[in-house]
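Structural overview for review
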Amino acid sequence: MDWTAVELSLRLAAATTAVLLVVAVPLAAWLAFSRRRWTVLVEAVVALPLVLPPTVLGFYILVALGNRSPIGRWWIELTGSPIVFTFNGLLIASVVHSLPFAVQPLMAAFAGVDRRLLEASTVLGRTWPSTIVHVALPLSRAGFVTAGVLTFAHTIGEFGVVLMVGGNIPGQTRTVAISIYDSVQAFDHAAAGRTSVILLVFSLVVLATTYTINRKGRPAWPRP
Amino acid sequence: MAPTLTVCLRHLLLDVDLELPLDAARPVTVLFGSSGAGKTTLLRCVAGLEAPAPPAHITFDGHVWNDGRHRLPARKRGVAYLFQDHALFPHLDVDANVAYGLTDLPRPQRRERAGRALVAAGAAHLSGRATTNLSGGEAQRVALARALAPHPRLLLLDEPLSALDGPTRSRLRAELRSILVEAGTPTLLVTHDRTEALTLGDRIVVLVDGRVHQQGTVEEVFSRPATPRVAEVVGVENVVTGRVGEIDAGLVHIEVAAETLTALDPGALSTGDRVLACIRAEDIALEEPGTRRSSPRNHLDARVTALTSEGALQRVDLDAGVPLVAYITRPARDELGLAPGTPVTAVIKAPAVHVIPRTS
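Note that the coordinates shown come from a computational prediction; the quantities given were computed from them, not determined experimentally.

Residues and elements named next belong to chain B. Split by domain assignment, chain B resolves into domain 1 (4-237) and domain 2 (239-357). For domain 1 and domain 2, the distance between their C-alpha centres works out to 34 Å. Contact with domain 1, which involves 10 residues of that partner, is made by 14 residues of domain 2. Across the domain 1 to domain 2 interface the summed buried area is about 1000 Å²; carbon plus sulfur atoms make up 59%. In terms of surface lost to domain 2, no three residues of domain 1 exceed L198, E219 and E237, which account for 52% of the buried area on that side. Across the domain 1-domain 2 interface, the total number found is one salt bridge. The residue R274 makes a salt bridge to E219 at a minimum N-O spacing of 3.7 Å. On the surface where domain 1 and domain 2 come into contact, there are one residue pair in polar contact (both at pLDDT 80 or more). Among the elements of the structure, α6 (194-200) and α7 (218-223) are those that each provide at least two residues to the side of domain 1 that touches domain 2. Taken together, the residues that form the side of domain 1 that touches domain 2 break down as three nonpolar, four polar and three charged.

The following block contains the structure:
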């Protein structure tokens, strides 16, 4: 049982979720409410990680953050170490890879908020960010929870992008999914099975909890 | 100097050039027209919720709010907007809703101001309640309090009573007028309801098919519609101001100039109340003076001031102490030998006189 990998995965998922909820709220609000020209294109770009093979996404991230790229060089100058094959590189890759899982539920929730309420808020003197925070977000609680949970669970389960960008360094970039792959490669099916079961149960619990929260007053476990 | 609102719009359905004096003493301007006339769009443009295309120009009190290219954001206009279905924030309670527009005040002052707004809107008893289980009338009061709390420069009301059921609507109608007069905030109110316009308005702007057809005081516009379309939309040619005299057995006597009109008592009136008596021109019959008794209750001595042909009908302008308009047929005109100056008796049945209370 690779507890280091479990711990790393949880850490990565928590960090990704935290970053994404901050990034996704303004982005989703913009996509849901803007009537400008470029919205559709940005929406498509945000959805790309859903359809691209993780290896393709991973490849581009590797190229963009690699030691010879402008970003990679700048980072090395700044910190003295490369981004790729480190936890930070993994985090950036996870954020990009899970972007649609955070943005889309939030967008759907924002779009469902009565437009009149947003207008009422602006006429009452509130700026657009204040309106999002004080009206759109509180009325999109379900979307917010869904976005958080999906991001978390998706990050725990990701494999291809992690392998491309992070490699397989224990304690640094070896996540649960990679640890399972390693076990199978080493013919250690027992270890792979144990870790897989943990991942399976964890995912089920997380999803069931989300659906319970999002039931809006209907009992989650009604008596027969 | 009272602030002036000028609105110039060339929109899909609007073709409007308006200049409205907004007087705090006579604060309510009614934007009147049938549904689909573009009233709400106009209101939304004034609020800044709609971005009208270039030839648009909106100014308020000398400040440009919209010149087609640049648009002052709604939040900076200092207007309040009352939505048809109230648009209360469901996740906030009554007090938080009312205080929502008061962020630039320190907290204790915010609470005090919200409290006063609730009192002004007759909603003090709703303090502390959630907004999700308010009745229509209660939600309306809270929405009004929320609109008034930040002391807006201009209050915009979109069909404020349309979401309410009949009895609640008539109760709130009279009260709304005194709340608005009390607040003294210049108000632009959109409605398609004649009673609402007559009860609430000081001035009225008639919008037909996206164009302004007439504006003036309520009495002016309803009594002397400028065009046949306005007459059709307002649907009543004679509106005279009077005071309630005696009330007995379901009948109410209204003192109008030197005459007394008898009408059916609509209820909730008391002697001395100021009212508007509305009579359609078709409901006024003319007789030679000194005719025998008849069943209609109202016989007014009048003099013909003008005659105008309108198709098969003859429009007769009368002076009965107050100006009146009657429609009669051409043969009737010939039989009575009407000409300007002819004395006649105007005969009106009591149920043809509609009484609308005006609190102030």
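The rest of the description comes next.
Going through the model one piece at a time under the given rule, you end up with 10 aromatic pairs over all chains. Here F89 of chain B and Y100 of chain B contribute two aromatic rings whose centre-to-centre distance is 4.5 Å and whose plane-to-plane angle is 45 degrees, an arrangement assigned as tilted. Of the two residues, F89 of chain B sits in the loop between β6 (79-82) and α2 (94-99) while Y100 of chain B sits in the loop between α2 and α3 (107-120), which places them 11 residues apart along the sequence. The class of F89 of chain B is buried, set by a relative accessible area of 0%. Look at Y100 of chain B and you get buried, because its relative accessible area is 4%. Members of the aromatic cluster, connected to one another through ring pairs, are F33, F110 and W128 of chain A.

Moving on, we get to the pattern of salt bridges. Opposite charge on two side chains makes pairing possible when the charged atoms of those side chains draw close. In the structure shown here, the tally under the stated rule is 17 salt bridges over all chains. Ionic pairing is found between D182 of chain A and R174 of chain A, a salt bridge with its closest N-O pair at 3.4 Å. Residue class for R174 of chain A comes out partly exposed when judged on its relative accessible area of 21%. Residue D334 of chain B is joined to R333 of chain B by a salt bridge in which the shortest nitrogen-to-oxygen separation is 3.1 Å. Residue classification places R333 of chain B among the partly exposed residues on the basis of a relative accessible area of 21%. Taken together, the shared-partner salt bridges in this structure form one network comprising R10, D15, D17 and R211 of chain B.

Right, let's get into the interface of chain B and chain A. Facing the 19 residues of chain B at the interface are 17 residues of chain A. For the chain B and chain A pair, buried surface summed over both sides reaches about 1600 Å², with 65% attributable to carbon and sulfur atoms. Per-residue buried area on chain B facing chain A is highest for R75, H91 and Y100 of chain B; these three make up 37% of the total on that side. Between the two partners, chain B and chain A, sit two salt bridges. The tally of links from chain B across to chain A stands at six residue pairs in polar contact (both at pLDDT 80 or more). Element by element, the count of residues in the side of chain B that touches chain A is highest for β6 of chain B, at three residues.

About the cut-offs
Residues numbered from 1 in each chain as written. Chains lettered and ligands numbered in written order. Predicted model: local features only at pLDDT ≥ 70, side-chain atom pairs only at ≥ 80, totals over all residues. Heavy atoms only, no water. Domains from an automatic or database assignment. Contact = heavy atoms within 4.5 Å. Buried area = accessible area lost by both parts, 1.4 Å probe. Salt bridge = Lys/Arg side-chain N within 4 Å of Asp/Glu carboxyl O. Polar contact = N/O pair within 3.5 Å; in protein donor to acceptor, adjacent residues only side chain to side chain. Helix = DSSP H or I, 4+ residues; strand = E, 2+ residues; numbered from the N terminus. Nonpolar A, V, L, I, M, F, W, Y, C, P; charged D, E, K, R; others polar. Phe/Tyr/Trp six-rings, centres within 6.5 Å; stacked < 30°, edge-to-face > 60°. Buried < 20%, exposed > 50% of the residue type's maximum accessible area, 1.4 Å probe, protein only.

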